[in-house]
Amino acid sequence: MKTHNKQLLEWVLALVLWLGAIPVWSQDSAPVAEEENYITVSGVVRDKQNRKTLEYVNVSIPGSSIGTVTNADGAFSLKIEDVEHVPSLEISHIGYRNSRIHLDKEHLSDLKVYLTPHANMLHEIVVYANNPRFIVEEAIRKIPANYSIKNNMLTGFYRETVQKGRRYINISEAVIDVFKTPYEDRTVNRDRAEVLKGRRLLSQKASDTLGVKLMGGPTLSIYLDVVKNQDALLDMETLHFYDFYMEEPVLIDNRQQFVIGFRPRVVLPYALYYGKLYIDREKLSFTRAEFNLSMDNKPKAVQAILQKKPYGLRFKPQEVSFLITYKDLNGKTYLSYIRNCIRFKCDWKRKLFSTGYTVLSEMVVTDREENNVTAIPGKRAFGQRDAFYDKVDEYWSEDFWGAYNIIEPTESLENAVHKLKKQSR
């Protein structure tokens with residue numbers, strides 16, 4: 001019998017997380033940043049009513065695939081060729097009206113962007129309201145029409161962090177290429193990811209060493225694309241495992257969205273999910289998915305996310321959450337952003353207190369090409385069971401990324417980088 005999350009759970013076991021016993025940082029290993037001309041536009045996005053910063057807001061160049069997202073502090077930066085070619089930026093976020101920011105050569109940094117919450121005027125969305133599962137089924141059937149029917153090469157920025165309590169003990173980043181076959185074929189057997197350039201900082205403290213196998217790595221952009229990878233979640237054969245129900249509708253990119261909640265309705269030998277699906281009302285395309293691994297049965301949750309641990313270590317999962325967003329461009333819908341968060345506690349037998357860990361992985365698509373695209377050769381592809389930190393350098397400098405677009409580091413992350421660099425010298 002086919003399991004709806006088989007490939008996803010295989011990916012969950014991909015990262016070997018060994019912290020400690022890492023070679024010392026060296027100036028001699030520094031890669032050279034690209035010599036390219038570009039202008040950096042930066043700013044902060046806030047809610048216009050309460051002035052709170054907004055995280056994971058889409059910031060893009062109108063009519064193009066170039067973009068990024070704000071960080072947890074609401075900050076963003078985007079590198080462009082010049083203001084004449086890119087006169088404005090488009091800012092969009094779930095539940096808010098889209099905003100266009102006109103760029104001025106004299107004022108490109110520290111921009112203040114305020115988004116207006118969209119009043120809920122969607123009461124007219126009543127079609128199929130009594131059968132939310134039917135909407136999901138129709139959206140699955142329309143995937144070939146709503147998503148790309150060509151090979152795509154995505155350029156993305158990937159970041160992976162590990163915190164022990166509130167203290168960062170692992171920060172790894174990379175620019176990656178991701179080859180995706182057409183969405184008509186909802187398998188990922190031929191999809192591949194390649195690390196183009198990356199860096200890492202790991203704690204040198206012996207007490208930070210933790211030997212477990214958890215999810216992670218650039219293949220996140222392959223296996224968590226739930227629209228492309230039917231074995232992750234959206235499989236017609238396994239929809240009956242869940243109950244579906246309508247929730248309050250919202251707007252995304254100024255377009256009305258069905259919001260459909262789902263939760264397990266059966267008990268299986270493995271853990272299921274609960275969460276929300278966002279579906280464009282007119283196109284019936286999936287625009288967003290938020291879901292969590294069910295923790296109702298902790299042994300099943302452990303089985304889903306843990307492959308190996310040291311003898312005597314007790315592993316206690318607290319949360320496994322996922323966020324996947326898509327963006328419409330020229331009539332088609334494309335992958336935009338993926339985030340995965342795992343929170344767990346570990347303790348050793350005979351110890352009274354456990355230690356909390358948080359592993360956060362995220363990838364934003366910063367550019368895309370779908371003309372004359374060739375596959376990534378297997379010898380250059382990131383293997384499903386490769387360790388990410390083995391694929392990147394230890395050097396960390398301010399100009400490391402050159403013209404590549406990234407997710408701006410938060411203030412807390414910048415402070416952690418400073419501390420880890422001092423520790424590594």
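Calculation rules
- Numbering of residues begins from 1 in every chain and follows the order in which that chain's sequence is written.
- For a predicted model such as this one, the threshold for reporting local features is a pLDDT of at least 70, and the threshold for listing and counting side-chain atom pairs is 80 or more; totals across whole chains, interfaces and linings nevertheless cover every residue.
- Hydrogens and water molecules were not included; the side-chain quantities draw on all heavy atoms of the structure.
- A residue counts toward a patch only above 30% relative accessible area and without a salt bridge, and it is joined to like-charged neighbours within 9 Å or, for Val, Leu, Ile, Met, Phe, Trp and Tyr, to nonpolar neighbours within 5 Å.
- Surface accessibility in these figures is a Shrake-Rupley result with a 1.4 Å probe; residues are shielded only by whichever protein chains are displayed.
- When a carboxyl oxygen of Asp or Glu lies within 4 Å of a side-chain nitrogen of Lys or Arg, that pair is called a salt bridge.
- We score Asp and Glu as negative and Lys and Arg as positive, and we do not count His or the chain ends.
- For the purpose of locating charges, the reference atoms are NZ of Lys, CZ of Arg, CG of Asp and CD of Glu.
- The way it works is that DSSP assigns letters per residue, a run of H or I at least four long becomes a helix, a run of E at least two long becomes a strand, and they are numbered from the N terminus.
- For our purposes a nonpolar core is just a set of buried Ala, Val, Leu, Ile, Met, Phe, Trp, Tyr and Cys residues, chained together by side-chain atoms within 4.5 Å.
- Three labels apply to residues, based on accessible area from a 1.4 Å probe with only protein chains included: buried if under 20% of the type maximum, exposed if over 50%, partly exposed otherwise in between.
- Note on contacts: a residue pair is in contact if any heavy atoms of the two residues lie within 4.5 Å.
- Classification of ring pairs uses Phe, Tyr and Trp, with its six-membered ring standing for Trp, and accepts pairs whose centres are within 6.5 Å; under 30 degrees between planes counts as stacked, over 60 as edge-to-face, and the remaining range as tilted.
- In this scheme, strands are said to pair when DSSP sees at least two bridges between them.
- Fitting a line to C-alpha atoms yields each axis, with helices limited to the stretch in contact; the angle taken between N-to-C directions then spans 0 to 180 degrees.
- The arc in question is traced by the directions running from the helix axis to the C-beta atoms.
- Contacts described as polar in this section are N or O atom pairs within 3.5 Å, which, within protein, must combine one atom able to donate a hydrogen with one able to accept it, while residues neighboring in sequence count only if both atoms come from side chains.

Undergrad: Would you mind showing me how to read a negative patch on the surface here?
TA: Taken together, the side chains of Asp73, Glu398, Asp399, Glu411 and Glu414 present a region of like negative charge at the surface. With respect to the helices and strands, the residue glutamate 414 is situated in helix H6 (residues 411-424).

Undergrad: Explanation requested: the nonpolar core in the structure shown.
TA: Across soluble globular proteins, nonpolar side chains have a tendency to be buried as a group. Of all hydrophobic cores here, the largest spans 67 residues; its most connected members are Val226 and Phe286. By residue number, the principal contributor to this core is strand E17 (residues 313-329), which donates six residues. Here phenylalanine 286 is in contact with Val136, Ala139, Ile140, Ile143, Tyr147, Val227, Leu234, Leu277, Tyr278, Ile279, Tyr326 and Thr333, once residues within four sequence places are set aside.

Undergrad: Even after reading the chapter, I still don't get the environment of leucine 323, so can you show me in this structure?
TA: Position of leucine 323 among the secondary structure elements: in strand E17. A relative accessible area of 6% places leucine 323 in the buried class. In this structure, the C-alpha to C-alpha distance between leucine 323 and phenylalanine 291, residues 32 residues apart in sequence, is 6.8 Å.

Undergrad: Looking at this model, I keep getting lost on the packing of aromatic side chains. Mind explaining?
TA: The description of an aromatic ring pair uses the distance of the two centres, along with the angle that the planes make with each other. This model, assessed by the stated rule, comprises 13 aromatic pairs. Ring geometry for phenylalanine 157 versus tryptophan 401: centroids 5.5 Å apart, planes at 90 degrees, classification edge-to-face. Residue phenylalanine 157 is located in strand E9 (residues 152-164), and its partner tryptophan 401 is located in the loop between strand E19 (355-369) and H6; the two are separated by 244 residues in the primary sequence. The same class applies to phenylalanine 157 and to tryptophan 401, which are both buried. Their ring planes at 15 degrees and their centres at 5.4 Å tell us that phenylalanine 344 and tyrosine 357 sit as a pair that is stacked. Placement of phenylalanine 344 in strand E18 (residues 332-348) and of tyrosine 357 in strand E19 is noted, with a sequence separation of 13 residues between them. Like phenylalanine 344, the residue tyrosine 357 is buried in the burial classification. Chaining the aromatic ring pairs together yields one cluster made of Tyr147, Tyr183 and Tyr326.

Undergrad: Would you explain the pairing of strand E11 (residues 192-202) in this entry?
TA: A regular strand places its side chains so that they alternate between the two faces of the sheet. Burial analysis of E11 places nine of its 11 residues in the buried class, which makes it a mostly covered element. Sheet topology places strand E10 (residues 167-180) next to E11; 10 bridges connect them, and they run antiparallel. If you follow valine 175 over to E11, its bridge partner there is lysine 197.

Undergrad: How should the sheet that holds strand E4 (residues 67-69) be read in this particular structure?
TA: Working definition: the strands of a sheet are paired by backbone hydrogen bonds and lie parallel or antiparallel to each other. The strand order across the open sheet formed by four strands is E4-E3-E6-E7, and the pairing between neighbours is antiparallel. Of all strands in the sheet, those with a lone pairing partner are E4 and strand E7 (99-102), marking the two edges. Taken pair by pair, the neighbouring strands of this sheet meet at an average axis angle of 20 degrees, ignoring direction.

Undergrad: Teacher, can you tell me more about helix H5 (residues 298-305) here?
TA: Since the α-helix packs 3.6 residues into each turn, any two residues three or four apart lie on the same face. Those residues of H5 not exposed but buried are Lys300, Ala301, Ala304 and Ile305. Down the axis of H5, the smallest arc covering the buried residues is 120 degrees, so these residues share one side. Facing away from the buried side of H5, by more than 90 degrees, are the exposed residues Pro299 and Gln303. Taking the backbone nitrogen of lysine 300 as reference, a side-chain oxygen 3.1 Å away marks asparagine 297 as the first, capping residue of H5.

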